[in-house]
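# A closer look at the structure
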Amino acid sequence: MQNTQLARIQRILEFGVACKELDAAGPKATRSQKRKLKAFQMSLRAMLSDELLGTIAKKHLEVLDALQHYIKTGSEVSRKRARNLWDEASRHIYEVKLQ
């Protein structure tokens, strides 16, 4: 595994921590937290071309979109969608690990 991939894996882990914080904050998320989401979005998009991490990044981008919608609207439906997508992304990581 290359240093680039290790750094990207670290970024995915950081995204997980940020998701937990943003889920708790919801519509009351600070500007700083919202900017952090944008930074994660750019990082995840950069990972899309990676052979190993591309599909994982794609799943996490779906989580990010749902989380952004929840923060914007406060919709519990969006919150549940983000959580379901997170569970799906977590299962996907496990599947990739097994390959």
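Residues numbered from 1 in each chain as written. Predicted model: local features only at pLDDT ≥ 70, side-chain atom pairs only at ≥ 80, totals over all residues. Heavy atoms only, no water.

### Quick word on the pattern of salt bridges
What the rule picks out here adds up to six salt bridges. Notably, a salt bridge pairs D50 with R8, separated by 3.4 Å at the nearest N-O pair. With D50 in the loop between α2 (31-47) and α3 (54-73) and R8 in helix α1 (residues 3-25), this residue pair connects regions lying 42 residues apart in the sequence. Looking at R8, the relative accessible area reads 21%, which means it is partly exposed. As a salt-bridge pair, E88 and K59 come within 2.9 Å of each other at their nearest N and O atoms. Here E88 is found in helix α4 (residues 76-98), whereas its partner K59 is found in helix α3, with 29 residues between them in sequence. By relative accessible area, E88 is classed as partly exposed at 32%. Look at K59 and you get partly exposed, because its relative accessible area is 22%. One salt-bridge network, in which partners are shared between bridges, spans D23, E76, R79 and R83. (Salt bridge = Lys/Arg side-chain N within 4 Å of Asp/Glu carboxyl O. Helix = DSSP H or I, 4+ residues; strand = E, 2+ residues; numbered from the N terminus. Buried < 20%, exposed > 50% of the residue type's maximum accessible area, 1.4 Å probe, protein only.)

### Describing the packing of aromatic side chains
Applying the stated rule across the entire model yields two aromatic pairs. Judged by centre distance (5.5 Å) and plane angle (65°), the ring pair of F15 and F40 falls under edge-to-face. Separated by 25 residues along the polypeptide, F15 in helix α1 and F40 in helix α2 bring together distant segments of the chain. The two residues F15 and F40 agree in class, both being buried. A ring pair is formed by F15 and W86, whose centres lie 6.2 Å apart and whose planes are at 50°; its orientation type is tilted. Pair noted here: F15 is in helix α1 and W86 is in helix α4, with a separation of 71 residues, a long-range link. Taking relative accessible area as the criterion, F15 reaches 0% and is therefore assigned buried. With relative accessibility at 26%, the residue W86 sits in the partly exposed group. Taken together, the ring pairs in this structure connect F15, F40 and W86 into an aromatic cluster. (Phe/Tyr/Trp six-rings, centres within 6.5 Å; stacked < 30°, edge-to-face > 60°.)

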